[in-house]
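Below are the chains, spelled out letter by letter.
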Amino acid sequence: MREEIYITSEDAENMAFKAVEMLKEKHLTCSTAESCTGGLVAKLITDVPGSSEVFHCGIVSYSNDIKEKILGVKNETLAEFGAVSENTAYEMAEGVSEISGADISVSVTGMAGPTSDEPGKPVGLIFFGVRTDKKTKTYRHQTFYEDSVRNSNRIFASYTALQYIFKEAENF
């Protein structure tokens with residue numbers, strides 16, 4: 001039996017506030033590289049008053065061309081593993097970190113829905129990359145939303161990315 005967890009847009013807004021406040025408290029900066037969220041993580045961060053003190057940039061790399069040209073994701077990575085993969089999330093986080101120089105860089109790539117265009121990768125499969133000065137880590141999540149799939153997955157992914165920013169800042 002799987003546990004049903006529902007993340008609301010209000011939850012995501014609250015997490016953005018917490019992340020920005022923690023970044024300010026620790027005198028840290030962040031950046032984002034987004035695909036399936038379409039810039040929602042950056043929007044939530046910049047909705048918080050004073051976020052300009054801590055937010056360097058957000059890159060929406062919805063197409064593979066932009067993942068390659070802007071973020072430096074290798075063509076070989078995309079060809080072998082696909083845009084929705086741990087490897088791509090890793091390289092996206094590395095790329096936005098290189099561009100921005102932020103203390104914490106987070107990437108998100110996944111299948112928001114309502115359908116999947118990559119065999120073996122179901123709707124709700126989401127990968128995150130988290131880059132700090134110490135190392136780059138990746139995380140895999142699978143959601144199981146049945147209603148409003150695309151929006152629910154984007155909100156979940158944004159909330160989770162913000163949670164990673166908060167936790168990294170807290171432990172910096």
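My aim in this report is to walk through the structure given alongside it, one point at a time.

About the thresholds
Residues numbered from 1 in each chain as written. Predicted model: local features only at pLDDT ≥ 70, side-chain atom pairs only at ≥ 80, totals over all residues. Heavy atoms only, no water. Helix = DSSP H or I, 4+ residues; strand = E, 2+ residues; numbered from the N terminus. Expected span 1.5 Å × (residues − 1). Buried < 20%, exposed > 50% of the residue type's maximum accessible area, 1.4 Å probe, protein only. Pairing = 2+ DSSP bridges. Axes fitted to C-alpha atoms, helices over the stretch in contact; angles between N-to-C directions. Contact = heavy atoms within 4.5 Å. Salt bridge = Lys/Arg side-chain N within 4 Å of Asp/Glu carboxyl O. Disulfide = S-S within 2.5 Å.

Right, let's get into helix 5 (residues 86-100). Across its 15 residues, helix 5 extends 21 Å between first and last C-alpha, which sits within 8% of the 21 Å expected from 1.5 Å per residue. Within the span of helix 5, buried status applies to T88, A89, E91, M92, A93, G95, V96, S97 and S100. With its phi angle positive at about 70°, G101 sits one or two positions after the end of helix 5.

Strand order in the open sheet formed by five strands is 2-1-3-4-5, and the pairing between neighbours is mixed. The outermost strands of the open sheet, each flanked by one partner alone, are strand 2 (55-60) and strand 5 (136-142). In this sheet, adjacent strand axes meet at a mean angle of 15° when their direction is disregarded. In the packing of helix 5 onto the sheet, the strands contacted are strand 1 (30-34), strand 2, strand 3 (104-110), strand 4 (125-131) and strand 5, and the crossing angle to strand 3 comes to about 145°. Against the sheet, helix 6 (residues 149-170) engages strand 1, strand 3, strand 4 and strand 5, with an angle of about 25° to strand 4.

Before going further, it helps to examine the pattern of salt bridges. Applying the stated criterion to the full structure yields six salt bridges. Where K74 meets E91, a salt bridge forms, and the shortest distance between an N and an O atom there is 3.7 Å. Of the two residues, K74 is situated in the loop between helix 3 (64-69) and helix 4 (75-81) and E91 in helix 5; the sequence distance between them amounts to 17 residues. Assessed through its relative accessible area of 13%, E91 is described here as buried. A salt bridge links E168 to K137, with the shortest nitrogen-to-oxygen separation between them at 2.6 Å. Note that E168 is positioned in helix 6 and K137 in strand 5, a separation of 31 residues in sequence. The class for E168 is buried, based on a relative accessible area of 14%. By relative accessible area, K137 is classed as partly exposed at 25%.

Now for the state of the cysteines. Enumeration over the complete set of coordinates arrives at zero disulfides. Unpaired in terms of disulfides, C36 finds its nearest cysteine sulfur in C30, a separation of 17 Å. There is no disulfide at C57, and the cysteine sulfur nearest it, in C30, is 9.1 Å away.

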